[in-house]
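# Summary of the model geometry
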Amino acid sequence: MAREAELDLVEVAPNSSPPVCRIMDFGKFLYEREKKDREARKAQTKIEIKEIRLRPKTTGHHRDFKVDDARRWLEHNLKVRVTIRFRGREITYPEIALEDLKEIAQSLSDVGSVEQAPNIEGRAMSMLLAPTKVPKKKGKEDAEKTPETSEKPQEKAPAESPVKEK
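Residues numbered from 1 in each chain as written. Predicted model: local features only at pLDDT ≥ 70, side-chain atom pairs only at ≥ 80, totals over all residues. Heavy atoms only, no water.

Our next topic: the sheet that holds strand 5 (residues 112-121). Within the open sheet, the four strands sit side by side as 3-4-6-5. Their pairing is mixed. The open sheet terminates on both sides in strands that have one partner only, identified here as strand 3 (49-54) and strand 5. The mean inter-strand angle of the sheet, taken between neighbouring strand axes irrespective of direction, is 20°. Two elements, strand 3 and strand 4 (residues 79-85), share six bridges in a ladder whose sense is parallel. Across the sheet, the residue bridging to Ile49 is Lys79, located in strand 4. In the packing of helix 3 (residues 60-75) onto the sheet, contacts are made with strand 3, strand 4, strand 5 and strand 6 (124-131), and the angle to strand 3 comes to roughly 170°. (Pairing = 2+ DSSP bridges. Helix = DSSP H or I, 4+ residues; strand = E, 2+ residues; numbered from the N terminus. Axes fitted to C-alpha atoms, helices over the stretch in contact; angles between N-to-C directions. Contact = heavy atoms within 4.5 Å.)

Two faces belong to every sheet, and in a regular strand the side chains alternate between them. Sheet topology note: the strand 1 (residues 8-13)/strand 2 (residues 20-24) ladder contains five bridges and is antiparallel. The residue bridging Asp8 from the neighbouring strand is Met24, located in strand 2.

What follows covers unusual backbone geometry. Cis peptide bonds are those with omega within 30 degrees of zero, and the linkage from Ser17 to Pro18 qualifies with -5°. Residue position: Pro18 is located in the loop between strand 1 and strand 2. Of note, the phi angle at Asn77 is positive, near 60°, even though the residue is not glycine. Tracing the backbone shows Asn77 in the loop between helix 3 and strand 4.

Note that Ile96 resides in helix 4 (residues 94-107). When its relative accessible area of 41% is taken as the criterion, Ile96 is described as partly exposed. The spatial distance from the C-alpha of Ile96 to the C-alpha of Pro56 is 6.4 Å, given a sequence separation of 40 residues. (Buried < 20%, exposed > 50% of the residue type's maximum accessible area, 1.4 Å probe, protein only.)

Moving on, we get to the side chain of Arg63. Position of Arg63 among the secondary structure elements: in helix 3. A distance of 3.1 Å separates a polar atom in the side chain of Arg63 from a polar atom in the side chain of Asp100. When near neighbours in sequence (up to four residues on either side) are disregarded, Arg63 contacts Leu54, Thr58, Asp100, Glu103 and Ile104. (Polar contact = N/O pair within 3.5 Å; in protein donor to acceptor, adjacent residues only side chain to side chain.)

In this section: the confidence of the model for the protein. The pLDDT averaged across the protein works out to 82; a share of 80% of its residues lies at or above 70. Averaged pLDDT values for the elements of the protein fall to 48 in helix 5 (residues 139-154) and rise to 94 in strand 4. In the model, residues 138-155 has pLDDT below 50 throughout and makes one contact with residues more than four positions away in sequence or in other chains. (pLDDT = per-residue confidence, 0-100.)

Let us look at the pattern of salt bridges. Applying the stated criterion across every chain, the model contains nine salt bridges. Across the pair Asp69 and Arg72 runs a salt bridge, and its minimum N-O distance is 3.2 Å. Residue Asp69 and its partner Arg72 are located together in helix 3, separated by three residues, close to a single helical turn. Overall, Arg72 belongs to the partly exposed group, its relative accessible area being 40%. A network of salt bridges, in which partner residues are shared, links Arg63, Asp100 and Glu103. (Salt bridge = Lys/Arg side-chain N within 4 Å of Asp/Glu carboxyl O.)

Moving on to the side chain of Lys79. Looking at the secondary structure, you find Lys79 in strand 4. According to the relative accessible area criterion, Lys79 is buried, its value standing at 18%. Side chain to side chain, Lys79 and Glu115 meet in a polar contact 3.0 Å long. Sequence-distant contacts of Lys79, defined by excluding residues within four places in its chain, comprise Ile47, Glu48, Ile49, Lys50, Glu115, Leu128, Leu129, Ala130 and Pro131.

Structure, rendered in C-alpha cells:
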C-alpha cells in the first residue's frame, strides 16, 4: 500500500502488540516536527542574568556606578547577580561583604527584590536580585495628580508674620 501511494511505511509503536505502522511522507513529517520545535523555541523566554563584580575594598563612589547599572538592568526586567570576590586574607572578614550586599539590596529595593540570599561559593559571595512587578500607571490619574501637587507650592504665606518683634 505504501509503494502504491509512493509514501513511506513508518513504524510508530514498535513495542505494542501487534506493532503499529503508518503510511506517510517521512521527510515531510520530519520537516514539520523541526518547524514545531523552532516555533516552541521562539516562544520561550530566555532569562538573561547580568552581573556586577565588586571587592570588599571597593569604595562607595565606584560601587554607586555599578549599582546604577544594576538599577538600569532591573528596570529592563533583567536579573542581576551581585558578586563580591575575595582576594588574599579578605575572606576572613565576610561580614564586610555581607554588609555591602545588604546596602546594595536596600538601595535597589524600589526596582528589585532579593531572589537568592547572599551566600559564599568558594572565594566569592553572591546574591541574586530579580525585578519587582510594578503596576503600570494610567495616564488620566497622573494628569489629575499633577495639578494638585502644583497648587500646593503656589499657596502664598501671609505678608505679615503673626509673631511681633520687640
